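# Architecture at a glance
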Amino acid sequence: MYNWPIIKDIVPIFSWVLDFLHKFIPSYGWAIIVLTILFRAALLPLDIKSKISMKKQAALQPKIQKINEKYKNDKEKAAQKTMELYKQEKASPFSGCLPSLIQMPLFIAFFGALNIMAGIQMFDLYETVIKQGLDAATKMIEPWLWVRNVWAPDTALFGPNGFNIFGWNSSVIPAYHAVYMLDQFKGISEAQYNAVMGGLIARTSANYNGWLILPLLAGLTSWWQTKITMPPQTAQPDPNQAKNPLSGKTMQYLFPAMSVFFTAGSNAVFALYWITSNLVSIATFKTVDIVWKMREKKREQEELEKQEQAKLESARLAAEAEARKLEKAGGAKQVSQGKKNPKEGDSI
């Protein structure tokens, strides 16, 4: 995946921007948070469009359910009526997918770019040990809060000796089995790596690189994001949807579990990107939700005012009609009385 053209092309851009931010922000951890906010700000129009579409979809669910119940024996008719509803409400079942499809390659590129950058940083550390010695290399190890090396995973699950499973590595300086697949270390044997990095690994072997806090935060924010973006449950849920292994309820727990898995096996910088991206997405959705509810409340108020005006207009027209009716009846009564009581001059 790291050899895909889009990732190879985007790595120099990400590296340049991240290094530029690092000149003003003396921490790659904080620099990636700022870069992620800028990255998500650039995608904000797409993000807002996607979330508005999700709100429209959620608002239409009760009507769609009524259509499905009415035409439960005629799936074709139900689909036709559903599409008519979308057209009438100026909504599209696919409009929310397009922004996500556009963002997905960028997300993959970000994931690959940060892992390649981690490989570059680790190889720079390797070369520094060779050229300048252990003391210079030790000073190059950059911490972030509780994480001792931001370019290694925030993991304390398997002990500080660097035991590795599924790419999860908890040592400050990754052991050979955690880096040998990186392009920068191809052609370097385990014996060569240990001969160079062994002293640095020994210096930090008594410490965990982290405490699995960032992967757990990644899982928690992913769960929160999935929860608030899920459409509300209807009074009579679709039994077929409940059997779907990729239903919303399943994804609410599957996606957070995957988040923990990926961030625990990647570097802390990527975990910070994931968490920040989730928080920006949550904040965007919450803002859209507030604006949407205010707009809906205003629309409902305007609808009530229109209904009240219509009632007043109807009452006014009814009163005018009643007045005309009474006026007409009064005129007819006067004419009738005139016929019954003619003037005296007329009777002579």
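## Considering the pattern of salt bridges
Two side chains that carry opposite charge are able to pair once their charged atoms sit near each other. This structure, assessed with the given rule, holds four salt bridges. In this structure, Arg203 engages Asp135 in a salt bridge whose closest nitrogen and oxygen atoms are separated by 2.9 Å. Residue Arg203 is found in helix α7 (residues 190–204), and its partner Asp135 is found in helix α6 (residues 134–140); the two are separated by 68 residues along the sequence. Look at Arg203 and you get partly exposed, because its relative accessible area is 43%. Across the pair Lys293 and Asp289 runs a salt bridge, and its minimum N-O distance is 3.3 Å. Taken together, the positions of Lys293 and Asp289, both in helix α11 (residues 268–340) and four residues apart, correspond to about one turn of that helix. With a relative accessible area of 53%, Lys293 lands in the exposed category.

## Structural notes on α7
The sharpest bend along α7 comes to roughly 55 degrees, located at Met197. Of all the positions in α7, only Tyr193, Val196, Met197, Leu200 and Thr204 are classed as buried.

## Some words on the confidence of the model for the chain
Of the residues in the chain, 78% have a pLDDT of 70 or more, and the chain-wide mean is 78. Model confidence for the chain, summarised as mean pLDDT per element, is weakest for strand β1 (residues 164–165) at 46 and strongest for helix α2 (residues 28–42) at 90. A low-confidence stretch, residues 159–168 stays under pLDDT 50, and its non-local contacts, those more than four residues away or across chains, total 29 contacts.

The rules behind the values
Residues numbered from 1 in each chain as written. Predicted model: local features only at pLDDT ≥ 70, side-chain atom pairs only at ≥ 80, totals over all residues. Heavy atoms only, no water. Salt bridge = Lys/Arg side-chain N within 4 Å of Asp/Glu carboxyl O. Helix = DSSP H or I, 4+ residues; strand = E, 2+ residues; numbered from the N terminus. Buried < 20%, exposed > 50% of the residue type's maximum accessible area, 1.4 Å probe, protein only. Bend = angle between axes of the 7 residues up to and from the residue. pLDDT = per-residue confidence, 0-100. Contact = heavy atoms within 4.5 Å.

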